Amino acid sequence: MSFEGIDGAGKSTHIDALAGAFRAAGRTVVLTREPGGTPLAEKIRALVLHEPMGPLTEALLMFAARRDHIEQVIAPALARGEVVLCDRFTDATFAYQGGGRGFDWDSLSKLELLAQDRQAPEANLAHKDLLQPDLTIWFDLPPAVAAERLAGARVPDRFESQPAAFFDAVRAGYARRAAEAPARFARIDASQPRDAVGVDVRAAVQGRGWL
Ligand code: TYD
């Protein structure tokens, strides 16, 4: 499963709660995040969050980090039958690099095919077996509400410091991605009080027959 939303959407507590629920149900849970999740990908994370770079470089680094994460962590855990909970995944690249930065959507789709091909380490565009989350929880809320939640929380990174219009575009990117894969997405109204959001998250997971 993956968890998505603009900065300030409040994903973290709900991801932790779900991890606890899966563990209580006897499952082994891998809690991970993107960009990051491996030593190499965490180095890439530090670069993309703090170093100036162009949109193509940024997109390529996101996918490079993702490929390493899939090979080292996600694919092996899934093969062992474990539950993988990933704080952000490819939809964030479409929303932030595609929607927010304006990077070409079709080019991102090609990179997705390369980076997430389960079969070929030397991936090609044959699209043999694309790894995607079984369920993506999208914490959706107006950027103005998210900005209020983030205000003063910490020193902002290269994304958190963007103006409101950037997050409008990121949100539109998520909406486009959700429309392209409606069966995979569960949209949650993240402007509700935290408990109500938690109830909706649990319902979305249970709706898949889990927990
Ligand atoms: P985030 O989950 O917000 O981490 P934290 O809660 O520690 O700030 O993720 C970091 C940022 O990376 C976030 O602003 C979104 C951005 N991002 C992209 O731009 N593209 C991507 O593909 C991913 C995975 C994240």
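What you see is a predicted model, and the numbers here were worked out from it, not measured in a lab.

### A word on the overall build of the chain
Item 1. Along its length, the chain carries 8 helices and 5 strands.
Item 2. The order of helices and strands in the chain, counted from the N terminus, is β-α-β-α-α-β-α-α-β-α-α-β-α.
Item 3. A compact globule built from 211 residues should have a C-alpha radius of gyration of about 17 Å, and the chain, at 16 Å, falls within 12% of that.
Item 4. Taken over the C-alpha atoms alone, the chain extends approximately 45 × 40 × 30 Å along its principal axes.
Item 5. Sorting the 211 residues of the chain into buried and exposed places 47% on the buried side.
Item 6. Here the analysis covers contacts within the chain between residues at least 6 apart in sequence; of these, 73% occur between residues at least 24 apart.
Item 7. When the accessible area of the chain is evaluated, it comes to approximately 9800 Å², of which 55% is carbon and sulfur surface.
Item 8. Averaging the positions of the 25 positive and the 28 negative side-chain charges in the chain gives two centres separated by 2 Å.

### Quick notes on the pairing of strand β4 (residues 136-140)
Item 1. Burial of β4 is extensive: 5 of the 5 residues sit out of reach of the surface.
Item 2. Alternating positions in β4 separate into two faces, T136, W138 and D140 on one and I137 and F139 on the other, with burial throughout.
Item 3. In terms of strand pairing, strand β1 (residues 2-5) meets β4 through 4 bridges, oriented parallel. Residue pairing in the sheet places E4 in a bridge with W138 of β4.

### Digging into the nonpolar core
Item 1. With 40 residues, the main nonpolar core has M1, L85, Y96 and I137 as its most contacted residues.
Item 2. Broken down by element, the residue count for this core peaks at 5 residues, all from helix α7 (residues 164-180).
Item 3. If we ignore the near neighbours within four places in the chain, the residues touching M1 are L18, F22, V84, L85, C86, P133, L135, I137, V205 and W210.
Item 4. One finds V30, I74, V84 and F89 within the second-largest nonpolar core, a separate group that totals 9 residues.

### Here we look at the site of the ligand
Item 1. Taken together, 17 residues lie around the ligand, and D7, R88, T93, Q97 and R154 are the ones closest in.
Item 2. One nitrogen or oxygen atom from the side chain of D7 is found 2.9 Å from an oxygen atom belonging to the ligand.
Item 3. Within the side chain of Q97, a nitrogen or oxygen atom sits 2.8 Å from a nitrogen atom of the ligand.
Item 4. Bound to the protein, the ligand loses 90% of the 550 Å² it would expose on its own.
Item 5. Those elements that provide at least two residues to the shell around the ligand are α2 (39-50), α3 (55-79) and α4 (90-100).
Item 6. Ranked by the residues each element gives to the shell around the ligand, the list is headed by α4, at 4 residues.
Item 7. The residue makeup of the shell around the ligand, split by class, is 6 nonpolar, 2 polar and 9 charged.

### Points about α3
Item 1. With 25 residues, α3 should cover 36 Å at 1.5 Å per step; its first-to-last C-alpha distance of 34 Å lies within 8% of that length.
Item 2. Taken as a whole, α3 carries its principal kink of about 50° at I70.
Item 3. Remark: G81 follows α3 within two positions and exhibits a positive phi of approximately 80°.

### Side note on the packing of α4 against helix α5 (residues 105-115)
How two helices pack is summed up by the angle between their axes together with the distance between the axes.
Item 1. Orientation of α4 relative to α5, taken along the N-to-C sense of each, is 150°, at an axis distance of 10 Å. It follows that α4 is roughly antiparallel to α5 by the angle criterion. The chirality of how α4 crosses α5 is right-handed. Together, T90, T93, F94, Q97, G98 and G99 of α4 and W105, L108, S109 and E112 of α5 make up the contact between the two elements.

What counts as what
Residues numbered from 1 in each chain as written. Predicted model: local features only at pLDDT ≥ 70, side-chain atom pairs only at ≥ 80, totals over all residues. Heavy atoms only, no water. Helix = DSSP H or I, 4+ residues; strand = E, 2+ residues; numbered from the N terminus. Rg over C-alpha atoms; globule rule 2.2 N^0.38 Å. Buried < 20%, exposed > 50% of the residue type's maximum accessible area, 1.4 Å probe, protein only. Contact = heavy atoms within 4.5 Å. Areas by Shrake-Rupley, 256 points an atom, 1.4 Å probe, with all protein chains shown as cover. Lys, Arg positive; Asp, Glu negative; His and termini not counted. Charge placed at Lys NZ, Arg CZ, Asp CG, Glu CD. Pairing = 2+ DSSP bridges. Core = buried A, V, L, I, M, F, W, Y, C linked by side-chain atoms within 4.5 Å. Near = heavy atom within 4 Å. Polar contact = N/O pair within 3.5 Å; in protein donor to acceptor, adjacent residues only side chain to side chain. Nonpolar A, V, L, I, M, F, W, Y, C, P; charged D, E, K, R; others polar. Expected span 1.5 Å × (residues − 1). Bend = angle between axes of the 7 residues up to and from the residue. Axes fitted to C-alpha atoms, helices over the stretch in contact; angles between N-to-C directions. Parallel < 35°, antiparallel > 145°, perpendicular 65-115°, else oblique. Left-handed = near helix turned anticlockwise from the far one by under 90°.

In short, geometric facts, not functional conclusions.
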